[in-house]
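Chain by chain, the residues:
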Amino acid sequence: MEHQTPDVLVVGSGIAGCAAALAAAREGADVLVATKAERPEHASSDWAQGGIATTRGGPDQLKQDILDASAGEADPEAVDVLVNDAADAVEDVLVDTLDVPFDEDGDGFDYAQEAAHSEDRILHVDASTGQHILRPFLAHLDNHDQVEMLEDTAALDLITDEGLVAGALLDRDPETGEESTTGTPVFAGTTVLATGGVGSLFRRSTNPAGSTGDGVAMAALAGADVTDMEYVQFHPTAYDDEDPFLVSEAVRGEGAVLRNADGERFMPDYHEDAELAPRDVVARAVEAEREETDEVVLDVSPLDFASEFPDLATTCEERSVDWEAGISVAPCEHFLCGGVTVDTEGRASLDRLFAVGECAHTGVHGANRLASTSLLEGLVWGRRAGEAAVGRGPVEIEPPELLDRDPDLPAGFADDKFRRLRRLMDEYVGLRRTHNDLERAQGVLRRLKGEVDAYVRTRTARDLYELRNAAVVGLLIVRQAREHTESVGCHHLTEAPDAGH
């Protein structure tokens, strides 16, 4: 049976995956990008609002801001890589290659201010920066002779042999484009995971649908090291609705303030930097004020909101939100600071496996990510991983056998289990946690994973594998949260563990 054998297989098509594909192709590699996305807006990078951080005032100051925001948990060596590569990566890819139309003022780029940054240093396109980066990036790769894009395609499992990753099983045949009921193997010299975040584990998230932690789960199941999963960041200002939208931190950077239902500005009581405190601090303060007074609104009256953030103003109008009266906000799952453990070139602990972007743990974010560093991290590590991934020939080994011999699952099976998973994560593994809640969540998740595993053994379906991945990731978050008995950054415990635990 013929199989595709690209030099580099990239799983995911956000900025990190695109950067890895571009870098590998520039080195002469044949690259296959397999992505669940069918349109750019299905990737988290497309949803990024605020922008991309730069080293405008010098790398040392950006490094210090990252370390401070991380609650002292960021890896200084990893941060050095980020800040030292930042200017070249932005210039090379975003400016020279993609010609991203960053906003300008009379003297050049219009740099924005965001929380926990000590200066204005955020390059942006209004409050829709992600789509102005990702869409031209995808178009550029579509026209690249050495890159093949395979959309609406999920990786189901990694193909491994004694610590070596030889590729992945896909749910669509790259040659015919047809769905595969038992998985189609792709053997690659190296495999780069760039699958994004874990927002689908929570009821309210700023991530697109399908953010089920696939890369983290597949890597963990294959035996790769996974680190800092307890650090799940919640954004403090998402519109308070079952279908939230993010209100960029840049809005607070331009002067918007948070008020409770009594009209009181409260952030100065929580932190000396008020609305521009680190995200974890602001998120917990917003939640506390909501519980005390029932509502928190973002007061945008100190700025010309419609003029400075026309895309956000349009979104408000489309959703019938009267922003002039204040935008009702609540914390919302936003970003996973942990992930597959990688080195400064994106190498994971398994041979020939790389991970980049939100599914990777580079060490840059520590316990709390600094605003507008996610696009930069994806760009920098994507380039580095793509270059390092070149030079290994494909190895064809016996792939795992996926079965599809039992009848289809009942209608809504995966959806029902996902709702149960999200209720559990919201209640027990959210913004504030207790040891007893984490213990309870671990027990329920183990039972859920066992139930899902029983079905996965005899059925091959994307939604079932996504559910498996979400259960694996939920267990990793809970397990590492239980092991971390002190509050730090995003991991906030409201009580000490019981004696004997």
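Everything that follows concerns the structure shown earlier in this document.
J.: Is there a simple way to explain the packing of helix α12 (residues 413-428) against helix α13 (residues 435-456) in this structure?
T.: To characterise two packed helices, one gives the angle between the axes of the helices and the distance between these axes. Axis separation between α12 and α13 bottoms out at 10 Å; the angle between their running directions is 165 degrees. Comparing the axis directions of α12 and α13 gives the class roughly antiparallel. The interaxial crossing formed by α12 with α13 has left-handed handedness. Touching Phe413, Lys417, Arg420, Leu421, Leu424, Met425, Glu427 and Tyr428 of α12 are Asp437, Leu438, Arg440, Ala441, Val444, Leu445, Leu448, Glu451 and Tyr455, all from α13. Classifying every residue of the contact of α12 with α13 by side-chain character gives 11 nonpolar, no polar and six charged.

J.: Looking at this structure, how should I read the layout of surface pockets?
T.: One way to see where empty space is left: roll a probe the size of a water molecule over the atoms. A volume near 370 Å³ is recorded for the second largest pocket. Considering the residues around the second largest pocket, the lining is formed by 18 residues, among which Arg203, Arg204, Phe234, Glu287 and Pro331 are closest to the centre. Mapped by element, the contributors of at least two residues to the lining of the second largest pocket are α8 (279-293), β16 (327-336) and α12. Ranked by the residues each element gives to the lining of the second largest pocket, the list is headed by β16, at four residues. By residue class, the composition of the lining of the second largest pocket is six nonpolar, one polar and 11 charged.

J.: Would you mind showing me how to read the pattern of salt bridges here?
T.: It is possible for side chains of opposite charge to pair when their charged atoms get near one another. With the rule as written, the count across this model stands at 35 salt bridges. In this structure, Arg252 engages Glu249 in a salt bridge whose closest nitrogen and oxygen atoms are separated by 3.3 Å. Here the residue Arg252 and the residue Glu249 both occupy positions in helix α7 (residues 249-253), the gap between them amounting to three residues, near one helical turn. Arg252 sits in the buried class, given a relative accessible area of 3%. Owing to a relative accessible area of 1%, Glu249 belongs among the buried residues under this scheme. Residues joined in a network through salt bridges with shared partners are Asp152, Asp171, Arg172, Glu179 and Arg462.

J.: Could you clarify how one ought to interpret unusual backbone geometry in this entry?
T.: Excluding glycine, most residues fall at negative phi; most peptide bonds, likewise, are trans. Residues other than glycine seldom take positive phi values, yet Ala116 does so here, at roughly 70 degrees. With respect to the element layout, Ala116 can be found in the loop between β5 (108-109) and β6 (122-123).

J.: Whenever I open this one, the pairing of strand β9 (residues 164-172) confuses me. Can you help?
T.: Working note: regular strand, side chains alternate between the two faces of the sheet. Of all nine residues in β9, nine are buried; the element is thus mostly enclosed. Pairing of strand β8 (residues 155-161) with β9, which is carried by six bridges, proceeds in the antiparallel orientation. For Asp161, the partnering residue across the bridge sits in β9 and is Leu164. Here β8 folds back onto β9 in antiparallel fashion, the turn holding two residues, of which Glu162 has a positive phi close to 50 degrees. Where β9 and strand β10 (residues 179-187) come together, five bridges link them in antiparallel fashion. Within β10, the residue paired with Ala168 across the bridge is Val186.

J.: Could you clarify how one ought to interpret the environment of Asp404 in this entry?
T.: Positionally, Asp404 belongs in the loop between α11 (374-388) and α12. The spacing of Asp404 and Arg457 is 53 residues in sequence and 8.5 Å in space, taken between C-alpha atoms. Other than its neighbours up to four places away in sequence, Asp404 contacts Thr181, Thr182, Thr458, Arg459 and Thr460.

J.: Would you mind going over the pairing of strand β2 (residues 31-34) with me for this structure?
T.: Neither face of β2 is left uncovered, since the one carrying Val31 and Val33 and the one carrying Leu32 and Ala34 both have all their residues buried. Bridge analysis of strand β1 (residues 8-11) against β2 gives four bridges, and the strand direction is parallel. When the sheet's bridge partners are listed, Val11 is paired in β2 with Ala34. Where the polypeptide runs from β1 across helix α1 (residues 15-26) and back to β2, its parallel neighbour, the crossover connection is right-handed. Two elements, β2 and strand β7 (residues 147-150), share four bridges in a ladder whose sense is parallel. Directly across from Ala34, in β7, lies its bridge partner Leu150.

How each quantity is defined
- Residues numbered from 1 in each chain as written.
- Predicted model: local features only at pLDDT ≥ 70, side-chain atom pairs only at ≥ 80, totals over all residues.
- Heavy atoms only, no water.
- Axes fitted to C-alpha atoms, helices over the stretch in contact; angles between N-to-C directions.
- Helix = DSSP H or I, 4+ residues; strand = E, 2+ residues; numbered from the N terminus.
- Parallel < 35°, antiparallel > 145°, perpendicular 65-115°, else oblique.
- Left-handed = near helix turned anticlockwise from the far one by under 90°.
- Contact = heavy atoms within 4.5 Å.
- Nonpolar A, V, L, I, M, F, W, Y, C, P; charged D, E, K, R; others polar.
- 1 Å grid on protein atoms, 1.4 Å probe; cavity = no way out; pocket = protein on both sides within 12 Å on 5 of 7 lines; lining within 4 Å.
- Points joined across faces, edges and corners; volume = space filled by probe spheres on them.
- Salt bridge = Lys/Arg side-chain N within 4 Å of Asp/Glu carboxyl O.
- Buried < 20%, exposed > 50% of the residue type's maximum accessible area, 1.4 Å probe, protein only.
- Pairing = 2+ DSSP bridges.
- Right-handed = clockwise from strand over helix to strand, strands pointing away.

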